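Fold and geometry: a report
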Amino acid sequence: MSKITINDIAKAAGVAKSTVSKVLNDAASISDDTKRKIREIMKEMNYTPSSIATQLAKQSSNTVGLLVDLSRKDDFLNHFFYAIIGGIESVVGKHQYELTICNSYEPADGGSNSEADAEDPSFMDRLVRNRKVDGLLLDSSIWTPRTEQLLGELQFPYVLLGDAPADASYSAVNIDNEAGGRLLASHLISQGYKRLAFIGGEIGEPLFESRLKGCLQALDEHGLTLDGSYIKHGIANETNGREFMHQLLALPTEERPDAVICMNNYTAFGALESARSANVAVPAQLGVATFDDYPLAPYMNPPLTCLSMDTFELGIQAADMLMVRMSDSSTQAERRLIPPALIVRASTSR
């Protein structure tokens, strides 16, 4: 027979999980009649409260953790990461919480033969069970179904930074990269470009997949397609931008793309250099657009049409969602998408 959980008690009593939790902690906000009713149901169902969950509900560290994998230096030593931190801090500080950056690093050998220990990420003990933080903001690269299960069992409040299914049981916030792909492609089409290419990004990478998906949607809406040979996969950097653009411009003139969408500024920088070397005029012969305004788009020659991705607002929204969940664990899961803004410059205006 499976163990009775707080969810079973809440369902039998017809109340929210948070109400049962408050009864366990003898909260003054719950009426005596409700307490009596829920306690009777607990007795009838032989429910034994989780000592850990009960203890967690009574403790507070006044600290919120931002959990990231600091071994991925390229992701977390850049402008976007610090903009997210600034957005988070602008919210949690107003609620009298401290923000701490927590590393999700997992040792190669935890020194335990326990299957359960092997499955549990170390931050569960370091941060959650030891109540070093009252809530967590998790980078999506850290999330696993096991993480969701463990945090859910303890009713521990957290919000994911990154993609999440619309029907997810946890809250998440992300930049709407799919909408961004649609914006860039639709703008290029409005300028008369018809043969679009997409360069940079790796297959299976969520950021690449969502941005490309948006581009394909816009093309389809206008009765156009994106030739498979025009999609160039690879690390989104200057070297690949130059090489991918070189490959595309090596095609016969009538088969070349007339516009290219770049995964980021570095890819676009390489693409522009390659076009310049081939004496291809931008934007007359080739439109060039890119995701992100930072760090180079306004300063290239010509200045690049781009999408502004408001990662400061991403931090604000994530922290706001976490504060709500920390105040009421029964809050329904929510998914928010931050819309990007199109900035039109000379690289696509013809």
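Look a little higher up for the structure.
Read on for a plain summary of the structure. (Residues numbered from 1 in each chain as written. Predicted model: local features only at pLDDT ≥ 70, side-chain atom pairs only at ≥ 80, totals over all residues. Heavy atoms only, no water.)

Attention shifts here to helix α12 (residues 238-249). Along its 12 residues, α12 runs 16 Å from first to last C-alpha, staying within 8% of the 16 Å computed at 1.5 Å per residue. All of the buried residues along α12 are Asn240, Gly241, Phe244, Met245, Leu248 and Leu249. Buried positions in α12, seen along its axis, are confined to an arc of 160° and lie on one side of it. Along its buried surface, α12 packs onto β6 (196-199), β7 (231-232), β8 (259-262) and α13 (265-277). (Helix = DSSP H or I, 4+ residues; strand = E, 2+ residues; numbered from the N terminus. Expected span 1.5 Å × (residues − 1). Buried < 20%, exposed > 50% of the residue type's maximum accessible area, 1.4 Å probe, protein only. Arc of directions from axis to C-beta. Contact = heavy atoms within 4.5 Å.)

Once that is clear, we can look at the packing of aromatic side chains. Taken as a whole, this structure holds 6 aromatic pairs when the rule is applied. Judged by centre distance (5.6 Å) and plane angle (80°), the rings of Phe198 and Phe208 are edge-to-face. Of this pair, Phe198 sits in strand β6 while Phe208 is found in helix α11 (residues 206-221), placing the two residues 10 residues apart along the sequence. Here Phe198 and Phe208 have matching classes, each one buried. Put simply, the rings of Trp143, Tyr158 and Tyr170 pair up and form one aromatic cluster. Here the basic side chain of Arg350 rests over the ring of Tyr193, its NZ or CZ set 3.8 Å away from the ring centre. (Phe/Tyr/Trp six-rings, centres within 6.5 Å; stacked < 30°, edge-to-face > 60°. Lys NZ or Arg CZ within 6 Å of the ring centre and 35° of its normal.)

Moving on to the pairing of β6. Of the two faces of β6, the one carrying Leu196 and Phe198 and the one carrying Ala197 and Ile199 are both buried. Judged from the 4 bridges that link them, β6 and β8 form a sheet pairing that is parallel. Of the residues in β8, the one forming a bridge with Ile199 is Cys262. Of the pairings in the sheet, the one linking β6 to β7 comprises 2 bridges and is parallel in character. Along β7, the bridge assignment pairs Ile199 with Lys232. The parallel pair β6 and β7, bridged by α11, forms a crossover whose chirality is right-handed. (Pairing = 2+ DSSP bridges. Right-handed = clockwise from strand over helix to strand, strands pointing away.)

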